[in-house]
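Structural characterization, general
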Amino acid sequence: MNRAYLDKLFTVVLAGVLAGLALAAAALPAALVFGLGVKNLMPYTALPEALKTPQPAQRSNLYANDGRTLITSFYVEDRVDVPVGEVAPVMRDAIVAAEDVRFYEHHGVDVRGVARAFTANRREGTRQGASTLTMQYVRNALAGDPRLTEEQRAAATEITVGRKIREMRYALTLERQIGKDEILGRYLNIAYFGAGAYGIAAASKRYFSTTPDRLTLAQAALLAGLVRSPADDPINGDAEAARQRRAYVLDRMVETGRVTAADAEAAKATELALKPNATPNDCAAVPADHNDWGFFCDWFTQWWNAQPAFGENVDERQRTLRRGGWKIVSSLDPDVQAKTSEQVREIYPETIARAAPTAVVQPGTGRVLAMAVNRTYGTTANPDGQQNYPNTVNQLVAGGGGITGYQAGSTFKLFALLAALESGLPLDTEFDAPRVYVTQYPVGAGPASCGGRWCPANANTYWMDGDRDMWDAFGRSVNTYFAWLTERVGADRVVEMAQRLGIVFRAPADAEMAREGAESWGPFTLGVSATTPLDLAGAYAAVAAEGTWCRPTPVTSITDPAGRRVAAGNTDCRQVLDTEVARAAADASRCPVGDQSMYRRCDGGTAEELAPGLRRPVAGKTGSSERNATETVVAFTPQLSVATIAANPDDPRDAVGGGVQKRQIAAVGRILAWSLRDEPVRDFVPPGQAVAFQHTSPRTGN
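In this report, the structure presented in the accompanying data block is examined. These figures come from a predicted structure and were not determined experimentally.

Residues of strand β1 (residues 60–63) alternate between two faces, with S60 and L62 on one and N61 and Y63 on the opposite face, all of them buried. Sheet topology note: the β1/strand β2 (residues 70–74) ladder contains four bridges and is antiparallel. Looking at the pairing, N61 lines up with S73 of β2. Sheet topology places β1 next to strand β3 (residues 327–330); three bridges connect them, and they run parallel. When the bridges of β3 are listed, L62 appears paired with I328.

Quick look at the structure:
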């Protein structure tokens, strides 16, 4: 048996005996020592996953689409790992001097330290520990491993002889398998420095607004001193105590020869010179001058909570987000967001009950570039009687959390148009639209009931009645034409088309009707179901993308701490329409907004002022619900889709009136113009002659 093996075996035996003495300040019972057994006295033992592949809790950062602009962070512990080579040498020296001066001499367990603690603890009123830096790392790694249960993490720090001996055995094994510098780096990344900062990177930022590689001697000594006494942090605790701890570390560094006495004295005389920089945590902590990012951030958390890749339930997914150290590059474009927020407040100020939630979506990817509403994101109390304004965290743009959405009126005619085109009807399908059209669909009593049958009327007899095809019926928003068209193709196919393009029925009554009574839901075509600007922008974006619908997403990429991209960050796109059907719908959608179809068949529109100001091909639709309770505008180009809905989220009886639609049209036009100012002008691909002018068999292939 060689000398090195004997030394290590002696270390374990002595450590096992003396560890209990250090903890209990008394000798271990003989039965405990001899009861350990030969196996427990072996110098090495298998390491748990927490030590073989450490995964300490790290903060996840959410960035804008440039990958640099921080929106906010999510964490339980503010930590982000850095390689030991990126930590200033003076910081490495300081932590060794403060925590384990013999770190580079022992093998994970310092026999001298254990003996010293045993001797000191025999004295009445004296208490010394004997943990090496490696043992401290082992304890912290086990206690902070996100893969363990709360009970398992608690067991890692319980005050027992068994835990101490297990800690020593792991420390010995760890030092056999990895180098000292790697252990030091892991320790620096896992240690708590007070003020909510875990790890040297977070601590450098929290106290000095700097990075670990730029720490000075005075800064390093201060941080090293806080590890033993984090409650003395000079931001929230006792600055003088922190100063004294700094002096202690500097003295130890002199004793070990790491710094000269002169340099240490100069560092002691240095002011603390704190530059506190708190890492934001959660959506309420978005930068104050970008409060409008909060609604996008809130929707991101909804999206994350729905991803099975991050856990089996919402609680698990939140733990994954707040402990996993993800880098999440979002789809939010700060430039587009700023312009959208500005224009929303041109529709309504934030001080009134009515709101104008607005979403901007990129066709072909589903990436959401902006989400804005005339509200302050926050939980500050509102004046009496003002439920959701000026402050709210309710998701008024995307829905969810009790927000079911708003009626979008005639914008839903798009789904009847698509269903008809898909059935084989061409764009030039004509119908002599009367002022009132009595359908086969049963309805209750009301202004649109004729003997118990749904009978919608046109809003403007002179401008809407008469012989119409899909182009000018869509442009002029002729209710009776689309009621007739819905009868021809079937209301259930119109409802299915809306669902296929991402319309979610959040209101229970709507969901039940779609599930149980879609075939008789004729009024659906006129937008009586609640929806959101985000769903609507996504649906129209599918037309812009020639039939490719993409699930709206708040992310561009997600990478783990090792830099590996995860599939949950990829786009979710699928071809849901025949390309020719989508092109035909886009062609008809040019009519409402003052553009001209490829076949020159547009003849009037409800938002004709939009296209001339934009000076590029554009399509879209307006919508008004009954009594102008809500007003909606959707517009799209091949590159962007924008939807805005004017409504009172707290009181559906408060009709916003038709006058607001002019402001909505202007706002949407300016959002598109600004967002596309540096983008090339792209035209829509014209539909073929068949889909424009010929009855065919169903167009369901591609």
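Taken together, five strands build an open sheet; the order of strands is β5-β4-β19-β18-β17 and the sheet is antiparallel. Two strands lie at the open edges of the sheet, namely β5 (368–372) and β17 (619–624), each paired on one side alone. Looking at each pair of strands side by side, their axes are set apart by 5° on average, direction ignored. In terms of strand pairing, strand β4 (residues 358–361) meets strand β19 (residues 641–646) through four bridges, oriented antiparallel. From the neighbouring strand, T358 faces β19, where its bridge partner is T644. Across the face of the sheet, helix α17 (residues 334–347) comes into contact with β4, β5 and β19 while running at roughly 30° to β5.

As a further point, take the state of the cysteines. With the rule as written, the count across this model stands at four disulfides. Between the sulfur atoms of C283 and its disulfide mate C297 the distance is 2.1 Å. The sign of the -80° torsion about the S-S bond sets the C283-C297 disulfide as left-handed. Taken together, the positions of C283 in the loop between α14 (261–269) and α15 (293–305) and C297 in helix α15 put the pair 14 residues apart, joining distant regions of the chain. Just as C283 is buried, C297 falls in that class too. The disulfide partner of C591 is C602, and the S-S distance across this bridge is 2.0 Å.

Here the focus is the sheet that holds β1. Within a beta sheet, neighbouring strands are joined by backbone hydrogen bonds and run either parallel or antiparallel to one another. Pairing within the open sheet is mixed, and its four strands lie in the order β2-β1-β3-β15. Both edges of this open sheet fall to β2 and β15 (555–559), since each of them pairs with a single strand only. In this sheet, neighbouring strand axes are inclined to one another by 15° on average, regardless of whether the strands run parallel or antiparallel. The sheet contacts of α15 involve β1, β2, β3 and β15, and relative to β2 the element is tilted by about 45°.

A few words now on the packing of aromatic side chains. Evaluated as defined, the whole model comprises 28 aromatic pairs. Arranged with centres 4.9 Å apart and planes meeting at 75°, the rings of F103 and Y104 form a pair that is edge-to-face. Classification of F103 by relative accessible area gives buried; the value is 0%. Measuring from ring centre to ring centre gives 5.9 Å for F505 and F524, while their planes differ by 70°; the resulting arrangement is edge-to-face. Highlighted residues: F505 in the loop between α22 (491–500) and α23 (508–516) and F524 in the loop between α23 and β13 (530–531), separated in sequence by 19 residues. As far as burial versus exposure is concerned, F505 and F524 are alike and both buried. Following the ring pairs from residue to residue traces out a cluster consisting of F74, F300, W303, W304, F310 and W326.

For the rest of this paragraph, the subject is the pattern of salt bridges. Per the stated rule, a full pass over the model turns up 36 salt bridges. The shortest N-O distance in the salt bridge between E99 and R228 comes to 3.2 Å. Of this pair, E99 sits in helix α5 (residues 89–99) while R228 sits in helix α12 (residues 217–228), and the two are 129 residues apart along the sequence. Its salt-bridge partner being D472, residue R468 comes within 3.2 Å of it at the nearest N-O pair. In terms of burial, R468 and D472 fall into one category: buried.

Turning next to the pairing of β17. For β17, the buried fraction is high: five of the six residues fall into the buried class. One ladder, built from six bridges, connects β17 with strand β18 (residues 631–636); its direction is antiparallel. In the sheet register, S624 faces β18, and the bridge partner there is E631. Between the antiparallel neighbours β17 and β18 lie six residues, among them R627 with a positive phi of about 60°.

Rules used in this analysis
- Residues numbered from 1 in each chain as written.
- Predicted model: local features only at pLDDT ≥ 70, side-chain atom pairs only at ≥ 80, totals over all residues.
- Heavy atoms only, no water.
- Buried < 20%, exposed > 50% of the residue type's maximum accessible area, 1.4 Å probe, protein only.
- Helix = DSSP H or I, 4+ residues; strand = E, 2+ residues; numbered from the N terminus.
- Pairing = 2+ DSSP bridges.
- Axes fitted to C-alpha atoms, helices over the stretch in contact; angles between N-to-C directions.
- Contact = heavy atoms within 4.5 Å.
- Disulfide = S-S within 2.5 Å.
- Phe/Tyr/Trp six-rings, centres within 6.5 Å; stacked < 30°, edge-to-face > 60°.
- Salt bridge = Lys/Arg side-chain N within 4 Å of Asp/Glu carboxyl O.

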